[in-house]
Amino acid sequence: MTKKELHLQDEIDDDESNINKNDIENNYDIEDETPDWKILTRSLGSANNSNNTNGTSGIPKRGDKDFEPDNTDIQTSTLQESREAMYDAISGVRGHHLKQKLLSIWIEDEEDGGYSIIPFMKGNYFRDIGKAYPNRRYKNCIRLNPIETVYLVERGSMIIYLGDEKFTNYLKDEEEGEFNIEEELVPVDLELLYSLAFINERYTIDKYQVYSYLKRHGYLILEVDPKKQQPPQWKRLEQYESSKGQSRSIISWGWDWKKWIQSFWRPFPPTHSLHYLTTHYFKVIDIFKSLRLIPTYQIYDSLRKTINTTTTTTSTTLDDYKISFNVWKPGSQFSKSNPSQLPDYQIVVVNTDKVKFPTLKVIQRLVNTIEYRFPFEQPSQIPTPPVIKKNDKMISKRQLKYDQRQKSNQSKLNTAQLNNIEYLKKRDNLLKYGKTSKQSNRNVVIGVINNGIINLINLIENEFSLTSESVIDELTQLHKEKSDIHGIVYNGDK
Amino acid sequence: MAKFHKKHLNKIYGYPIPITTTSEAYGVSLPEVYPHNPISWLFFAYKLIQYNLSLTVPQSEIKFIEVELDQSSMFKVDQTDDVLRLWRRGFFGKGILSRSEPTWKERTINRLNLNSEGEGGSNLLMEDVTVKRREGRQKYKDERSKIQALELLQRKGEILSNDDLKLLDEYRENMAKLKNPNIRSNGDGDNDEEYIREEDEVLIDEDTNQLISNLEFLQLQSIEVFFLKFGLNVIKITHNQLKLSTRDLFLQCCQLQSSSTVIKPNNQFIFEYVVYHHYRSLGWCVRSGIKFGSDMLLYKRGPPFSHAEHAVMIIPNDESESESSQYDWFELASRARVIGTVKKNFVLTFVDYPHDIEDVNEIWSQVTDEDDDKEILSQFFKLYKITEILYRRWSPSRTRD
């Protein structure tokens, strides 16, 4: 299967109704595929004997290749054509239009090691880059942090000069006349800029690598100020929970009655070895319910803990783990001045040489510091912008077929069945991603750097027991009868 | 076809746990209860009383499954009906001569053609399907290479004769047929020549032309055995002809991991069991994850229904020790990579454990004879706690929109 198909398969698999889609295929483990050595020796033998008469080597053939050499002229000429096209493209004159020439000045700074300013903003790099830098000389002046500076310079979009004392004085003072940056200041090359920019712990080359990697993929990134403290999440949770009171316990009261009646005929509690020998069970799910024994973590538990222990223990390890960037997807409605939309990813950058994989405590503390919106805080209806599908070609035939089949299948179902499908989808999404499509999950991305190589991993808080209140609320909406227990237990006897 | 197949599976594997419910045994069920309707309550109570007085609990009439712990610390289930019950109700254990489901006997009968009644081969076994599928793929590939050879000629500009063109069409048709082979239909299988090895003759009873005995038995993991004993109480376990109590079994299992008589609360067996019990109680079918470098695999219903969806790695939550864990990025990344390529979800299952207990044997110190082993152990297991964190690789190029 190709990557795309695999990906597609993932999406299809989300739907439980597809469980038996390819059931013959699905029954087997991957390790079925042991090599058949006979084939290998046969092809090797034949290659040796026939002295490569037909141009194939002794390597056994594995699947189809798109442009496998077949010694035809058509192939060579197509190759030649595309090669020439490439040379044409490269040999075009490259350069910047004078109007788009972007100048900046590097200014040394005690605190952060330095920054650069752009007196005259040009181009559309500044949707997420830079902050306003009010001064007496330039009106729309913008200040870039070292990471942003290096990114623009390395990209070839900006020329940078080394600011001197004369220039800083000029910025402060409005008396003197004009200052010609290009004539009076020395340009900085990339090498020097690297050594100027990454001298501070706040701006490391590791962070720059993650930053530029994501920027090149089109993501919008804002640095998280390490000094700025997030308003603690737990306050909002506490407020909500105290306002909600005990409404839930009254609802579940009715169900307790049922349990209570049944418990009359329970000579032994479920924790007794004779329980299953002496108790009538009518549903399999009740047996599973009675088996639940091991306490589990519920979402927000670690947050609730912080309510009780208000002391902020800032240990050294947590300092290694601090959110450095907030990242938005390329298509999101984002504006620097009003980042009301929650970031899609919140990233910590660590280096394998210095930091080990975090303990649970550290992961939980990190997750508690992200910008997060509780399900009860979800804005009721945000008009979502219409999704414009740019690349229709990307939809494969298989996807189209699948979509059509889905549609025709769904038209046959009644609302209860549709609801059930929706329920199963939600449940599986909760298990797989810790979230339903609408809700956001408590997760953090860790950018792991090993000698310049980046691995991004996403750690998501989750609970398989599906027993925390927010999860139950979410699922019960769709399946009222299941309000007392959610899970994957197969209800064959229903 | 698929629907039929699923129905067929549902019939065989309808019950996910080796406990027989009253509904299953007597075909009765309790009426629905509507919280706002008191009459439904009364009716419910009436039915409950009626059933409890008139019916015996079915589970009490089912004989215990016999498990033997042999000298090499292997847990064996020998008797065919026990093996079937364990496999069909929850997919416990593994047949030692099969891939997972103990099918050796059936396969051998099919292979040696011992079923004279002609029903042999009616149900195709998993292993057979694999063989057939491989054959089918090979045929498909052969056909494809023929087509490719002709196509190459065409591209080279060598004009094909009409015969060749016909041949090409024919090949293409064949290939299209082979693409979706109907493996379960048992068409050409019967033509296979029966082939009996010398050692096979020992297996066959000369008079009756039947298999002499089933050489295969079911092997269970220690956590499975302990779940069946402690959690469900459906097995009887013997070791050196002596019956083991839940407590004996617990100590035995813990000592499989570390031979010292002092059992620490961070014993590997206890961790594994706690996690195993957790997922079993949530309805997952839990099997070993050794094939994918993880500790456990979670199947939604079981191996015949779908691939495992989650791969679990157990991590003891050592809060007392230093803040950085003993796991490094490389180990976790490599596991995640393997698990990701087989489209499974990687779950890090952290287990909190009691730090103030020096030796687990302490829990027995104040026990009288009347106390139940299960109750004491249940209290102990409640000191553990499970937290799940999903580990997922993020590739930014794929999530742009």
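Residues numbered from 1 in each chain as written. Chains lettered and ligands numbered in written order. Predicted model: local features only at pLDDT ≥ 70, side-chain atom pairs only at ≥ 80, totals over all residues.

Some details on the overall build of chain B
- Broken down by element type, chain B carries 13 helices and 13 strands.
- Relative to a compact globule of 401 residues, whose C-alpha radius of gyration would be 21 Å, chain B shows 28 Å and is clearly more extended.
- Expressed as lengths along the three principal axes of its C-alpha atoms, the size of chain B is roughly 95 × 65 × 60 Å.
- Relative to its full complement of 401 residues, chain B shows a buried share of 29%.
- Sequence separation of at least 24 residues holds for 62% of the intrachain contacts in chain B that already meet a minimum separation of 6. (Helix = DSSP H or I, 4+ residues; strand = E, 2+ residues; numbered from the N terminus. Rg over C-alpha atoms; globule rule 2.2 N^0.38 Å. Buried ≥ 20, exposed ≤ 12 C-beta atoms within 10 Å, placed from the backbone. Contact = placed C-beta atoms within 7 Å.)

Thoughts on the overall build of chain A
- Along the backbone of chain A there are 19 helices and 11 strands.
- Scored against the burial criterion, the 494 residues of chain A give a buried share of 24%.
- Considering only intrachain contacts with a sequence separation of at least 6, the fraction spanning at least 24 residues in chain A is 65%.

Side note on the nonpolar core
- Core analysis: the biggest nonpolar cluster contains 140 residues, and I347 and V348 of chain A together with F226, V274 and V275 of chain B have the highest contact counts within it.
- Looking at this core element by element, the count peaks at seven residues for helix α11 (residues 268–281) of chain B.
- When sequence neighbours within four positions are dropped, the list of residues in contact with I347 of chain A reads V210, I323, S324, F325, V327, V445 and G447 of chain A. (Core = buried A, V, L, I, M, F, W, Y, C linked by C-beta atoms within 7 Å.)

What to know about the environment of G113 of chain A
Residue and element names in this part refer to chain A.
- Mapped onto the elements of the fold, G113 is located in the loop between β1 (103–107) and β2 (115–118).
- Owing to 17 C-beta atoms within 10 Å, G113 belongs among the partly exposed residues under this scheme.
- Look past the residues within four positions of G113 in its chain and what remains in contact with it is P146, I199, N200 and Y203.

Here we look at the interface of chain A and chain B
- With 83 residues of chain A in contact, the opposing surface of chain B contributes 90 residues.
- Of all the secondary-structure elements, those providing two or more residues to the side of chain A that touches chain B are α1 (3–13), α2 (23–26), α11 (247–263), α12 (275–278), α13 (284–291), α16 (360–369), β10 (443–450) and β11 (453–462) of chain A.
- Looking at the side of chain A that touches chain B element by element, the count peaks at eight residues for β11 of chain A.
- Counted by class, the side of chain A that touches chain B contains 39 nonpolar, 28 polar and 16 charged residues.
- Looking at chain direction, β11 of chain A and strand β13 (residues 385–393) of chain B are connected through six bridges and run antiparallel. Following the sheet pairing, N458 of chain A is matched in β13 of chain B by R392 of chain B. (Nonpolar A, V, L, I, M, F, W, Y, C, P; charged D, E, K, R; others polar. Pairing = 2+ DSSP bridges.)

Observations regarding the sheet that holds β10 of chain A
- Read across the open sheet, the 10 strands follow the order β7(A)-β8(A)-β9(A)-β10(A)-β11(A)-β13(B)-β12(B)-β11(B)-β10(B)-β9(B); overall the sheet is mixed. Both outer strands of the open sheet, β7 (220–223) of chain A together with β9 (285–288) of chain B, are each paired with one neighbouring strand and no more. Within the sheet, the average angular offset between the axes of one strand and its neighbour, ignoring direction, is 30°.
- In this structure, β7 of chain A lies alongside strand β8 (residues 323–328) of chain A, joined through four bridges in antiparallel fashion. Looking at β8 of chain A, one finds that I221 of chain A is bridged to V327 of chain A.
- Where helix α9 (residues 205–216) of chain A meets the sheet, its contacts fall on β7, β8, β9 (345–351), β10 and β11 of chain A, and the angle it forms with β9 of chain A comes to roughly 140°. (Axes fitted to C-alpha atoms, helices over the stretch in contact; angles between N-to-C directions.)

Quick notes on the sheet that holds strand β7 (residues 235–239) of chain B
Residue and element names in this part refer to chain B.
- Taken in spatial order, the six strands line up as β3-β6-β2-β1-β7-β8 in an open sheet, and their pairing is mixed. One side of each edge strand has no neighbouring strand; the edge strands of this open sheet are β3 (94–95) and β8 (242–243).
- As judged from the two bridges shared by β3 and strand β6 (residues 218–220), these two strands associate in the antiparallel manner. Its bridge partner lying in β6, G95 is registered against L218.
- Packing of helix α9 (residues 222–231) onto the sheet brings it into contact with β1 (65–69), β2 (75–77), β6 and β7, and relative to β7 it is tilted by some 125°.

Here we look at the pairing of β1 of chain A
Residue and element names in this part refer to chain A.
- Sheet topology note: the β1/strand β5 (residues 159–162) ladder contains four bridges and is parallel. Of the residues in β5, the one forming a bridge with S104 is I160.
- Sheet topology note: the β1/β2 ladder contains three bridges and is antiparallel. Residue pairing in the sheet places I105 in a bridge with I117 of β2.

A few points about unusual backbone geometry
- Backbone geometry places Y300 of chain A, a non-glycine residue, at a positive phi of 80°.
- Tracing the backbone shows Y300 of chain A in the loop between α13 and α14 (301–308).
- Of note in the backbone geometry, K343 of chain B takes a positive phi value of approximately 60° without being a glycine.
- Among the structural elements, K343 of chain B can be located in the loop between α12 (329–341) and β12 (345–352).

A look at the confidence of the model for chain A
Residues and elements named next belong to chain A.
- With 73% of its residues at a pLDDT of 70 or more, chain A shows a mean pLDDT of 78.
- In this model, residues 1–31 is a region of pLDDT below 50 whose contacts with residues beyond four sequence positions or in other chains number 39 contacts.
- Considering only residues more than four positions removed or in separate chains, one finds that residues 313–317, a stretch of pLDDT under 50, has four contacts. (pLDDT = per-residue confidence, 0-100.)

Considering the confidence of the model for chain B
Residues and elements named next belong to chain B.
- Scored by pLDDT, chain B has a mean of 85; 90% of the residues are at 70 or more.
- Between residues 185–192, whose pLDDT stays under 50, and residues either more than four places distant or in other chains, the model counts four contacts.
- The ipTM for the predicted assembly is 0.85, set against a pTM of 0.82.

Let's talk about the packing of α9 of chain B against α11 of chain B
Residue and element names in this part refer to chain B.
- The interhelical angle for the contact between α9 and α11, taken along N-to-C directions, is 60°, at an axis separation of 10 Å. As judged from the angle between their axes, α9 and α11 are oblique. Regarding α9 and α11, the two cross each other, and that crossing is right-handed. Between α9 and α11, the contacting residues are S222, I223, F226, F227 and G231 on the first element and F269, E272, Y273, Y276, H277 and R280 on the second. (Parallel < 35°, antiparallel > 145°, perpendicular 65-115°, else oblique. Left-handed = near helix turned anticlockwise from the far one by under 90°.)

Concerning the domain arrangement of chain A
Residue and element names in this part refer to chain A.
- According to the domain assignment, chain A consists of domain 1 (98–200) and domain 2 (204–378 + 421–494).
- Between domain 1 and domain 2, the contact holds seven residues from the first and 12 residues from the second.
- Among the residues forming the side of domain 1 that touches domain 2, the class breakdown is four nonpolar, one polar and two charged. (Domains from an automatic or database assignment.)

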